[in-house]
Amino acid sequence: DPEANGRAAVRVLDSSQDPMWTFVSRDGRTLLFNNAVTGTRNLWTMPLDRGAPPSQITAIAGDNVMHSSLSPDGSRVVFASRATGNSDIWTQNVDGSDLRQLTNDEAADSWPIWAPDGEWIVFGTIRGGRSETWRVPAAGGPAEKVVDGFFRGDWIRRPTGTGTWLVSWIGPGGVRLIDFERQTVLWEEKLKSNASSMPMFSPDGRFISVPLQESRDRDAIWLYEAATGKSRVAVRFPEPFKILFRACWVDDGKALVVSRHQTISHIVLFDRFWVKESTQN
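Residues numbered from 1 in each chain as written. Predicted model: local features only at pLDDT ≥ 70, side-chain atom pairs only at ≥ 80, totals over all residues. Heavy atoms only, no water.

**Student:** Looking at this structure, I do not really get the overall build of the protein chain. What am I missing?
**Tutor:** Helices and strands together make up the secondary structure of the protein chain, namely 1 helix and 22 strands. Over its C-alpha atoms the protein chain spans a radius of gyration of 21 Å, differing by no more than 12% from the 19 Å that the globule rule assigns to 281 residues. Dimensions of the protein chain, computed from the C-alpha atoms along their principal axes, are close to 90 × 45 × 45 Å. For the protein chain, the proportion of its 281 residues judged to be buried stands at 48%. (Helix = DSSP H or I, 4+ residues; strand = E, 2+ residues; numbered from the N terminus. Rg over C-alpha atoms; globule rule 2.2 N^0.38 Å. Buried < 20%, exposed > 50% of the residue type's maximum accessible area, 1.4 Å probe, protein only.)

Shown next as structure tokens:
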């Protein structure tokens, strides 16, 4: 029941943690998020069972840490950063050691995600005015183009057979599944939504979660069968929810974690803020 699922949503972190660009490790145990509670935006991790408080794992000045994801084994993090002036791809151990810059060019590199074996990182970039999908060795080395087109999504082993799948949002309003090794599009679905979604594979690779804004006042999470592209709605929220990018899988594929953005409006009355100057001497 999508409506019942939406009503059953519970808060994991509140606005005091200012969570942004959330990501859940492939085993569903660790939450990675970006916040600015120490004065500049950096990356933090927290066990999803809330057995320990959030812990800061990067310390880069100037609000220069953005899109991020954890390696398959959870030991390293990759993120986009403007620390050197351009948006480039960086990695670091979650214990704070071994900070590395993997790309260094004028292109805007963004939305990095790890290969299933942890050996490569795929990311979206803009080269010569065109959106393209590239990859770079996780240990460092030359980056190379994978396919044309925008990338913001996920990478996983195929649940059957050999090889891997890459799923990406294609703007405005669409999802496509790519056979990574053959660099061919297996299916593509146009959607009636302009939201900036980020599709994510379930732990077993059988399903893809896609947050969508169905209307101005209705947000939902749709699930796609990876092999066929068939879809159904899994969660529909009873009020405007505004999911930011991902719906990550937890509880062995039985639940989802999303980052919600809320805007609070204030109406303020300024009474008698201007008084006519007296004309009396």
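Additional details are given in the paragraphs that follow.
**Student:** Can you walk me through the packing of aromatic side chains in this structure?
**Tutor:** Overall, the coordinates contain 4 aromatic pairs when judged by the stated rule. Note on phenylalanine 237 and phenylalanine 241: the rings are 3.8 Å apart at their centroids and 10 degrees apart in plane angle, and the pair reads as stacked. For the pair shown, phenylalanine 237 and phenylalanine 241 are each scored as buried. We note arginine 135 situated over the ring of tryptophan 120; from NZ or CZ to the ring centre the distance is 3.7 Å. (Phe/Tyr/Trp six-rings, centres within 6.5 Å; stacked < 30°, edge-to-face > 60°. Lys NZ or Arg CZ within 6 Å of the ring centre and 35° of its normal.)

**Student:** Mind showing me how you'd approach the side chain of serine 259 here?
**Tutor:** Mapped onto the elements of the fold, serine 259 is located in strand 22 (residues 255-260). Among the residues examined, serine 259 registers a relative accessible area of 3% and is labelled buried. Setting aside its immediate chain neighbours within four residues, serine 259 contacts Pro19, Met20, Thr22, Lys242, Ile243, Leu244 and Arg246. (Contact = heavy atoms within 4.5 Å.)

**Student:** When you look at the environment of glycine 163 in this model, what are you seeing that I'm missing?
**Tutor:** Along the polypeptide, glycine 163 turns up in the loop between strand 13 (153-157) and strand 14 (164-169). Residues glycine 163 and aspartate 179, 16 residues apart in the sequence, show an inter-C-alpha distance of 7.7 Å. Setting aside chain neighbours within four positions, we find glycine 163 in contact with Arg157, Arg158 and Glu181.

**Student:** Got a minute to help me understand the sheet that holds strand 4 (residues 55-56) in this structure?
**Tutor:** Backbone-to-backbone hydrogen bonds pair the strands of a sheet. The strands run either parallel or antiparallel. Strand order in the open sheet made by the 4 strands is 1-2-3-4, with antiparallel pairing throughout. The strands lining the two open edges of the sheet, one partner per strand, are strand 1 (20-24) and strand 4. Sheet analysis places strand 3 (residues 42-47) next to strand 4, joined by 2 bridges and oriented antiparallel. When the sheet's bridge partners are listed, tryptophan 44 is paired in strand 4 with glutamine 56. (Pairing = 2+ DSSP bridges.)

**Student:** Any chance you could explain the sheet that holds strand 10 (residues 120-127) here in plain terms?
**Tutor:** Overall, antiparallel pairing links the 4 strands, which are arranged 9-10-11-12 in an open sheet. What marks the edges here is a single partner per strand, and that holds for strand 9 (110-114) and strand 12 (144-148). The sheet shows a mean angle of 30 degrees between the axes of neighbouring strands, direction not considered. Examined bridge by bridge, strand 10 and strand 11 (residues 130-137) share 8 bridges and lie antiparallel to one another. (Axes fitted to C-alpha atoms, helices over the stretch in contact; angles between N-to-C directions.)

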